[in-house]
Amino acid sequence: TEELTFTSCGTEGDNWSIRAAVEHGKRTGKHIITTAIEHSAVLEPIRALAAQGYEVTYLKPDKSGHVSVEDLKAALRPDTVLVSMMLVNNELGTLQPVKEAAQAIKDARCPALLHCDAVQAFLKVPFIPKELGVDLLTISGHKIRAPKGIGAQYIRKGLDVKPLLLGGGQENGLRSGTEPTAQLAALAAACAAWDPDAPARMAAVKAHALEVLATVPGLEIINAGDAPHICAVALPGYPSEMLVRDLSDRGIYVSSGSACHKGKPSHVFAALGLPKRTLMGVLRISFSPDSVKEDADALAAALTEITQTRIAMK
Ligand code: PLP
């Protein structure tokens, strides 16, 4: 309870963490390290800091969707004030080496604070912030069936962080404003109601999905994901947006990656260096505790039908 502050969402926690770390290190330097595959809730506030004169190093993932601690070690500098690394990538499902990053920062005696966006990891992949060695960590309620509009922020005990909102002093003075009691109670209830067997169930459904999807003509598995609930595939020659629409007409909801706006491919898939034809046809598939193998069968059947009825682009 001493280390948690409630927020309205993951975006708020990510933004706050970045601002707080930069403020914390304002006399130390102006260098930030993050990964090229963070959510835009991390990348955009960092981009805004870059426009104000901060220097940013983006760690690139390898083909398997993981960033390397060796790259982080090489990037750490005495003027690095923040390292922001997510635990589970939201489009690939890959686990990033956050614990190893914390050790690397410590070994280098680097003054940087370590922030972790754990929005996709919370209750899907076990972790304890203290054991990860992070200073700041962000979660969001709606990823675990709490209502939208509630999140939480871990701030390591002893870390001096500037309040997000000034006012009546709620949340230990860190985020003033009358507490949304119903939302808070709902987040607690969602945590309590979370089925501890859900991750294993989702992993089994995903494993089955990857098997049946491999039978779809032309389909490529882009990433099987380390986390139990996310994987990514591609149907080269079939634009993602069309696939998402065709599938949703059949009652199947997948996405083309969280940042696929206006026909531009997601920055996460782009960072993998995929060929353009593959990149334009990626699908991010996620599973819920209620997903069953038949859902995966229906997805594979629908994609097969689409490849039979639509002509692939060259
Ligand atoms: N970070 C990651 C990895 C996410 O997947 C999301 C949501 O999709 C967010 C941050 C933003 O969380 P919220 O929607 O609660 O603002």
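Attention here is on the structure that accompanies the text. From a predicted model like this one, the values you see are computed outputs, not experimental measurements.

**Let's talk about the overall build of the protein**
Thought 1: Within the protein, the secondary structure is distributed over 11 helices and 10 strands.
Thought 2: What you see for the protein is a C-alpha radius of gyration of 20 Å, in line with the 20 Å of a compact globule of 314 residues.
Thought 3: Projected onto the principal axes, the alpha-carbon positions of the protein cover approximately 60 × 45 × 30 Å.
Thought 4: Scored against the burial criterion, the 314 residues of the protein give a buried share of 52%.
Thought 5: Within the protein, residue pairs in contact and separated by at least 24 positions form 68% of the contacts whose partners lie at least 6 positions apart.
Thought 6: For the protein, the exposed area adds up to about 14500 Å²; of that, 55% sits on carbon and sulfur atoms.

**Focus on the sheet that holds strand E8 (residues 220-223)**
Thought 1: Taking strand neighbours across the sheet as the criterion, the three strands line up as E8-E9-E10 in an open arrangement whose pairing is antiparallel. Bordering the open sheet on either side are E8 and strand E10 (282-286), each of which pairs with just one other strand. Each adjacent strand pair in this sheet contributes to an overall mean axis angle of 35°, direction not counted.
Thought 2: Here E8 runs beside strand E9 (residues 230-234); their pairing, made up of three bridges, is antiparallel. Residue Ile 221 lies in a different strand from E9, and its bridge partner there is Val 233.

**Overview of helix H4 (residues 98-107)**
Thought 1: Among all positions of H4, only Val 98, Ala 101, Ala 102, Ala 104 and Ile 105 are buried. An end-on view of H4 places all buried positions within 160° of arc, on one side of the element. Opposite the packed face of H4, turned more than 90 degrees from it, sit the exposed residues Lys 106 and Asp 107.
Thought 2: Structurally, H4 contributes buried residues whose contacts are with helix H3 (69-75), strand E4 (80-84), strand E5 (113-117) and helix H5 (129-132).
Thought 3: Two residues or fewer past H4, Arg 109 is found with a positive phi of approximately 50°.

**A few points about the sheet that holds strand E1 (residues 4-7)**
Thought 1: Pairing within the open sheet is mixed, and its seven strands lie in the order E1-E7-E6-E5-E4-E2-E3. Each edge of the sheet is formed by a strand with only one pairing partner; in this case those strands are E1 and strand E3 (55-59). Strand-to-strand twist across the sheet, computed as the mean angle between neighbouring axes with direction ignored, equals 20°.

**Side note on the packing of helix H8 (residues 240-249) against helix H11 (residues 293-309)**
Thought 1: Two elements in contact, H8 and H11, have axes whose closest approach is 10 Å; the angle formed by their N-to-C orientations is 120°. Between H8 and H11, the angle falls in the class oblique. Both H8 and H11 take part in a crossing whose hand is right-handed. Across from Met 242, Leu 243, Asp 246 and Leu 247 in H8, the residues of H11 making contact are Leu 299, Ala 302, Leu 303 and Ile 306.
Thought 2: For the contact of H8 with H11, the residue count by class is seven nonpolar, no polar and one charged.

Scoring rules and cut-offs
- Residues numbered from 1 in each chain as written.
- Predicted model: local features only at pLDDT ≥ 70, side-chain atom pairs only at ≥ 80, totals over all residues.
- Heavy atoms only, no water.
- Helix = DSSP H or I, 4+ residues; strand = E, 2+ residues; numbered from the N terminus.
- Rg over C-alpha atoms; globule rule 2.2 N^0.38 Å.
- Buried < 20%, exposed > 50% of the residue type's maximum accessible area, 1.4 Å probe, protein only.
- Contact = heavy atoms within 4.5 Å.
- Areas by Shrake-Rupley, 256 points an atom, 1.4 Å probe, with all protein chains shown as cover.
- Pairing = 2+ DSSP bridges.
- Axes fitted to C-alpha atoms, helices over the stretch in contact; angles between N-to-C directions.
- Arc of directions from axis to C-beta.
- Parallel < 35°, antiparallel > 145°, perpendicular 65-115°, else oblique.
- Left-handed = near helix turned anticlockwise from the far one by under 90°.
- Nonpolar A, V, L, I, M, F, W, Y, C, P; charged D, E, K, R; others polar.

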